[in-house]
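# Architecture and fold: a report
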Number of protein chains: 2
Amino acid sequence: MSYPARVRVVEVGPRDGLQNEKGAIPVGIKAALIERLLAAGLTTIEAGSFVSPKWVPQMADTAELLAMLPARQGVSYPVLVPNLRGLEQALATGRVEEIAVFGAASEAFSQRNINCSIDESLRRFEPVVARALEHGLRVRGYVSCVLGCPYEGEVDAAAVTRVAAALAEMGCYEISLGDTIGTGTPLKARRMVQAVAAKVPVGHLALHFHDTYGQALASILACLELGVSVVDSAVAGLGGCPYAQGATGNVATEDVVYMLHGMGIETGLDLDRLCEAGALISSALGRETASRVARARGAVGAG
Amino acid sequence: MSYPARVRVVEVGPRDGLQNEKGAIPVGIKAALIERLLAAGLTTIEAGSFVSPKWVPQMADTAELLAMLPARQGVSYPVLVPNLRGLEQALATGRVEEIAVFGAASEAFSQRNINCSIDESLRRFEPVVARALEHGLRVRGYVSCVLGCPYEGEVDAAAVTRVAAALAEMGCYEISLGDTIGTGTPLKARRMVQAVAAKVPVGHLALHFHDTYGQALASILACLELGVSVVDSAVAGLGGCPYAQGATGNVATEDVVYMLHGMGIETGLDLDRLCEAGALISSALGRETASRVARARGAVGAG
């Protein structure tokens with residue numbers, strides 16, 4: 001076991017972080033947030049999703065937002081796409097180089113989150129992924145509920161592995177393993193990743209852990225020891241899942257980066273600027289940042 | 001590297017957690033908190049300190065509190081004692097079986113916290129420890145600033161080792177290594193413990209990490225891998241250090257126990273009852289618990 005020398009941080013704040021917010025967030029605020037995230041050095045910033053605005057009204061402005069974002073060499077703004085219709089909308093923007101499809105490791109969660117069985121969701125993703133690849137897009141696959149389900153409780157690592165392998169087989173270049181409700185603990189996380197890595201090489205795996213129970217950093221640490229080198233996080237610990245009660249908060253980007261830098265692991269990110277980005281959005285939302293690092297440094301938002 | 005099968009949790013909430021509170025806390029509340037902590041299965045509950053009430057007024061009622069606590073087989077209520085005068089006060093209560101002395105790994109912190117150099121502090125502790133042992137007390141040694149100092153920044157592991165070894169040599173049965181300002185990260189924590197363990201066997205070491213930067217659980221995890229099996233924590237994440245700015249919050253007992261149980265490590269503690277104890281004190285303080293587990297379970301205090 002050894003740690004990676006460098007970790008790529010995938011910022012999911014503008015999408016996973018904000019999708020569950022009740023109040024309207026002006027598109028200009030989202031664009032300003034993303035500009036600050038760019039300034040901090042982030043190169044993968046999930047910007048939105050092309051899902052039904054009936055289900056996720058907060059993401060209805062994704063096309064408008066994409067049009068406002070600066071084009072930068074080496075920077076991508078992935079968007080979530082559930083089906084061919086969403087893919088067409090993404091392609092129509094002319095600004096999308098990467099999409100993500102999202103499956104679940106739990107049947108009950110799949111039914112409630114995307115209204116179909118796991119197998120049906122995989123069948124639906126197949127033409128989406130194929131068409132995206134034809135258009136030269138990169139495709140990322142999410143698996144949610146990898147360490148627990150709000151409806152089923154414990155989730156078998158074999159179920160996670162099956163979905164992850166199917167998504168990789170379709171052509172997803174990376175599989176992001178989501179502890180959607182944040183109930184995971186370090187050894188369970190490590191064992192789950194080990195199980196998945198037997199089918200999908202560890203270099204194609206990312207960790208997407210919510211910090212609901214305060215366990216995310218410890219679980220990330222346990223998985224970094226396996227060589228995983230991609231971590232999803234949201235500045236200011238934004239976020240939650242609209243269909244999973246209690247699933248408040250992605251792990252804060254600031255806290256992840258503080259840990260990684262303290263371990264001598266490179267990220268290419270500037271922690272001061274990350275805290276500034278977190279302060280901007282916390283202030284706009286009128287609430288205190290959920291990042292412990294940002295709080296300790298006094299870079300908290302209003303509220 | 002392997003994890004311990006069982007971890008002993010030392011609850012420091014009533015002392016380290018409350019010592020820095022500005023408002024008066026009725027002694028009855030403290031006693032009620034400790035009764036709840038006992039009900040959760042804790043057997044070592046740091047109850048107070050015999051230091052000058054001029055410096056730490058919140059602990060001025062320690063003798064009164066000790067008189068209110070139930071005598072239980074296998075349960076101890078350690079108190080902090082800085083000098084012979086404090087020891088006499090502790091002995092006079094007839095209720096103290098264990099004391100703790102507290103040194104620092106940083107010269108600047110030692111000067112500001114206890115008004116003397118590290119060497120002077122060690123000379124002062126010698127007769128205190130000797131006399132406590134004569135009276136059949138157990139003595140625990142604290143070393144603060146083991147991973148960083150608010151005045152000096154980085155702290156050398158050799159400085160930590162020197163103080164820890166001196167305290168062990170005097171007769172302290174256990175040395176608690178305090179990341180007083182919570183700036184430590186997992187690998188630094190592990191390397192520091194490894195350095196100390198070369199002089200003081202790992203079975204005599206405890207981890208006392210503050211969660212200021214959200215790193216405590218990850219750092220505890222990294223040190224458990226070395227075989228350390230004693231963790232200090234405070235229910236509801238109470239606490240801070242009156243002399244260290246930004247040193248807010250011991251790691252929450254609930255969060256530690258959730259992680260340990262999730263890893264299959266026994267603690268003998270009941271998480272539901274821990275959350276009840278945390279809810280009691282959070283409510284009394286009129287603020288939300290800092291425990292993520294307690295928040296996720298909805299067992300939050302008022303405020």
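See the structure above.
Computed from a prediction, not measured in an experiment: that's the story for all the values here.

On to the environment of Ile-34 of chain A. Residues and elements named next belong to chain A. Take Ile-34: it is sitting in helix 2 (residues 27–39). Separated by 20 residues in sequence, Ile-34 and Pro-14 have C-alpha atoms that sit 7.4 Å apart. The contact partners of Ile-34, leaving out residues within four places of it in the chain, are Pro-14, Ile-45, Ala-47, Leu-65, Leu-69 and Tyr-77.

Attention now moves to the relation of the copies chain A and chain B. In the superposition of chain A on chain B (RMSD 0.0 Å, axial shift 0.0 Å), the rotation amounts to 180 degrees. Such a turn and shift between the copies fits a two-fold axis. For chain A, the minimum C-alpha distance to the rotation axis belongs to Ala-218 of chain A and amounts to 2.0 Å. A symmetric contact is evident, with 100% of the interface residues of chain A recurring at the interface of chain B.

Residue and element names in this part refer to chain A. All of the buried residues in helix 5 (residues 107–114) are Ala-108, Phe-109, Ser-110 and Ile-114. Those residues of helix 5 hidden inside the fold are in contact with strand 4 (98–104), helix 6 (118–134) and strand 5 (138–144). If you check the start of helix 5, you find a side-chain oxygen 3.4 Å away from the backbone N of Ala-108, and it comes from Ser-106. Backbone geometry just downstream of helix 5 places Asn-115 in the positive-phi region, at approximately 60 degrees.

With that settled, the discussion passes to the side chain of His-208 of chain B. All names here are of chain B. In this structure, His-208 sits in strand 7 (residues 205–209). Overall, the relative accessible area of 5% leaves His-208 in the buried class. Here His-210 takes part through its side chain, which lies 3.5 Å from a polar atom of the side chain of His-208. Within polar-contact distance, the side chain of His-208 engages the side chain of Asn-250 at 3.5 Å. Leave out the neighbours within four places in its chain, and His-208 touches Val-12, Asp-16, Tyr-142, Ser-176, Leu-177, Gly-178, Asp-179, Asp-232 and Asn-250.

It is worth spelling out the pattern of salt bridges at this point. Tallied over the full model, the rule gives 38 salt bridges over all chains. Across the salt bridge formed by Glu-120 of chain A and Arg-123 of chain A, the nearest N and O atoms sit 3.1 Å from each other. One end of the pair is Glu-120 of chain A and the other is Arg-123 of chain A, both in helix 6 and 3 residues apart, which spans about a single turn. A salt bridge links Lys-30 of chain B to Asp-61 of chain B; the shortest N-O distance between them is 3.0 Å. With Lys-30 of chain B in helix 2 (residues 27–39) and Asp-61 of chain B in the loop between strand 2 (48–49) and helix 3 (62–68), this pair connects stretches of sequence that are 31 residues apart. With relative accessibility at 1%, the residue Lys-30 of chain B sits in the buried group. Judged by relative accessible area, Asp-61 of chain B falls into the buried class, the value being 15%.

It is worth spelling out the sheet that holds strand 1 (residues 8–11) of chain B at this point. Remark on secondary structure: sheet strands pair via backbone hydrogen bonds, oriented parallel or antiparallel. All names here are of chain B. If you walk across this open sheet you meet the 8 strands as 1-8-7-6-5-4-3-2, and the pairing is parallel. Strand pairing shows two members of the sheet lacking a second neighbour, strand 1 and strand 2, which therefore form its edges. Of the strand pairs in this sheet, strand 2 and strand 3 (residues 79–80) are connected by 2 bridges, and their pairing is parallel. Across the sheet, residue Ser-49 finds its bridge partner in strand 3, namely Leu-80.

Turning our attention to empty space enclosed by the protein. Scanning all chains against the criterion turns up 1 cavity of 30 Å³ or more. Of the voids in this model, the largest cavity is the one considered here, and its volume is about 140 Å³. Lining the largest cavity are 14 residues, with Asp-211, Gly-214 and Arg-292 of chain A together with Asp-211 and Gly-214 of chain B sitting closest to its centre. Elements represented by at least two residues in the lining of the largest cavity include exactly helix 9 (216–224) of chain A together with helix 9 (216–224) of chain B. Residue composition of the lining of the largest cavity, by class: 6 nonpolar, 2 polar and 6 charged.

All names here are of chain A. Overall, parallel pairing links the 8 strands, which are arranged 1-8-7-6-5-4-3-2 in an open sheet. Each edge of the open sheet is held by one strand with a lone partner, namely strand 1 (8–11) and strand 2 (48–49). Relative to strand 8 (residues 230–233), strand 1 runs parallel, the two being bridged by 4 bridges. Residue Arg-8 lies in a different strand from strand 8, and its bridge partner there is Val-230. The strands touched by helix 7 (residues 157–170) within the sheet are strand 4, strand 5 and strand 6 (174–179), with strand 5 carrying the most contacts at an inclination of about 170 degrees.

What follows deals with the interface of chain A and chain B. Tallying the contact residues gives 29 residues for chain A and 29 residues for chain B. Overall, the association of chain A and chain B removes approximately 2,500 Å² of surface from exposure, summing both partners, and the carbon and sulfur fraction of that is 59%. Of all residues in chain A, Tyr-213, Tyr-258 and Arg-292 of chain A bury the most surface against chain B, accounting for 27% of the area lost on that side. Taken together, chain A and chain B are joined by 4 salt bridges. Between Glu-225 of chain B and Arg-190 of chain A there is a salt bridge, with the nearest N and O atoms lying 3.9 Å from each other. The tally of links from chain A across to chain B stands at 12 residue pairs in polar contact (both at pLDDT 80 or more). At the level of elements, helix 8 (186–197), helix 9, helix 10 (253–262) and helix 12 (292–296) of chain A are the ones that each hand at least two residues to the side of chain A that touches chain B. Tallied by class, the residues present in the side of chain A that touches chain B amount to 15 nonpolar, 7 polar and 7 charged.

What counts, and at which threshold
Throughout this document, residue positions are counted from 1 along each chain, in the order its sequence is written. Numbering of ligands from 1 and lettering of chains from A proceed in the order in which they are written. Where totals are concerned, whole chains, interfaces and linings use all residues; where local detail is concerned, this predicted model gives features only for residues with pLDDT of at least 70, and gives and counts side-chain atom pairs only at 80 or more. To obtain the side-chain values, all non-hydrogen atoms of the structure were included, while hydrogens and water were left out. To qualify as a helix, a DSSP run of H or I must reach at least 4 residues; to qualify as a strand, a run of E must reach at least 2; elements of each kind are numbered from the N terminus. Residues are treated as being in contact if the distance between any of their heavy atoms lies within 4.5 Å. Least-squares superposition of the copies uses the C-alpha atoms of those residues scoring a pLDDT of at least 70 in each of them. Note on exposure labels: buried denotes an accessible area under 20% of the residue type's maximum, exposed denotes more than 50%, and partly exposed covers the range between, all computed with a 1.4 Å probe on protein chains only. Here a polar contact means two N or O atoms within 3.5 Å. Within protein one must be a hydrogen donor candidate and the other an acceptor candidate, and residues neighboring in sequence count only if both atoms are side-chain atoms. Any carboxyl oxygen of Asp or Glu that lies within 4 Å of a side-chain nitrogen of Lys or Arg is treated as forming a salt bridge with it. When DSSP finds two or more bridges between a pair of strands, those strands are recorded as paired. Residues are called lining when one of their atoms sits within 4 Å of a cavity or pocket point, these points coming from a 1 Å grid over the protein atoms alone, where a cavity is a set in which a 1.4 Å probe fits but cannot get out and a pocket is an open set with protein on both sides within 12 Å along at least five of seven lines. Grid points are joined across faces, edges and corners, and a volume is the space filled by probe spheres set on the points. Residue type decides the class: Asp, Glu, Lys and Arg count as charged, Ala, Val, Leu, Ile, Met, Phe, Trp, Tyr, Cys and Pro as nonpolar, and the leftover types, Gly among them, as polar. Interaxial angles span 0 to 180 degrees and are taken between N-to-C directions of axes, which are lines fitted to C-alpha atoms, for helices over the stretch in contact. Throughout, buried area stands for the accessible area (probe radius 1.4 Å) lost by two parts on being put together, summed over both.

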